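This is what each chain is made of:
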Amino acid sequence: MTPQRIIVRGATTAVTRRCVLRKGFLAPWHPEVAQIRLYALAYAQHIYDVEIHHSIDVINHTHGSFTPTRDNLPEFIRQANHDTSCALNTLLAEHRYDAPGQLFDGNKPH
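Now for a look at the structure at hand. (Residues numbered from 1 in each chain as written. Predicted model: local features only at pLDDT ≥ 70, side-chain atom pairs only at ≥ 80, totals over all residues. Heavy atoms only, no water.)

## What to know about the environment of Ile-52
To keep things clear, this is the line we draw: Working definition: helices are DSSP H or I runs of at least four residues, strands are E runs of at least two. Numbering for both runs from the N terminus. Whether a residue is buried, partly exposed or exposed follows from its accessible area with a 1.4 Å probe, protein chains only, as a fraction of its type maximum: under 20%, in between, or over 50%, in that order. By definition, residues are in contact when any of their heavy atoms lie within 4.5 Å.
Checked against the element boundaries, Ile-52 lands in strand E2 (residues 50-57). Its relative accessible area of 27% is what places Ile-52 among the partly exposed residues. Taking the C-alpha atoms as reference points, Ile-52 and Gly-64, separated by 12 residues in sequence, lie 7.7 Å from one another. Contacts of Ile-52, omitting those with residues within four sequence positions, involve Leu-41, Gln-45, Ser-65, Phe-66 and Phe-76.

## With respect to the packing of aromatic side chains
Note the cut-off: Each aromatic pair joins two rings of Phe, Tyr and Trp (for Trp, the six-membered one) with centres within 6.5 Å, and gets the label stacked for planes under 30 degrees apart, edge-to-face for over 60, and tilted for any other angle.
Counted according to the given criterion, the structure contains 3 aromatic pairs. Geometrically, the ring pair formed by Trp-29 and Tyr-97 is edge-to-face, given 5.5 Å between the ring centres and 80 degrees between the ring planes. Here Trp-29, found in the loop between strand E1 (13-18) and helix H1 (32-48), pairs with Tyr-97, found in the segment after helix H2 (73-94); they are 68 residues apart in sequence, far enough to count as distant. With a centroid separation of 5.1 Å and an interplanar angle of 65 degrees, the aromatic rings of Phe-66 and Phe-76 are classed as edge-to-face.

## Topic: H2
Heads up, the rule is: By definition here, a helix of n residues has an expected span of 1.5 Å times n minus one.
When the terminal C-alpha atoms of H2 are compared, their 32 Å separation across 22 residues agrees well with the 32 Å that a helix rising 1.5 Å per residue should span. Regarding H2, the residues found buried are Leu-73, Pro-74, Phe-76, Ile-77, Ala-80, Asn-81, Thr-84, Ser-85, Leu-88, Asn-89, Leu-91 and Leu-92. Each element contacted by the buried residues of H2 is listed here: E1, H1, E2 and strand E3 (61-68).

Set out below in structure tokens:
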């Protein structure tokens, strides 16, 4: 059983997530990498109404501070990471790189 996480509506939470195998998928190897991440965050924000205070991609992991307006922060993170993963896998495949499938590692955001 996984330990419970406390998600409080209105409380700002810092979240970090690593890429699989700690590879530099979030590095600026292509001009669209940053745009993909921004679009994924904006789309998830639109769906889940979560305030984004900051988000930064550091080559092989990401940091962000978010404030949920409802108890939906895990869903917001899952949506943003899923969309980022799908788009970057497509971009990697278009440029004939090996796409990892799931971009972020199997560990939970922390």
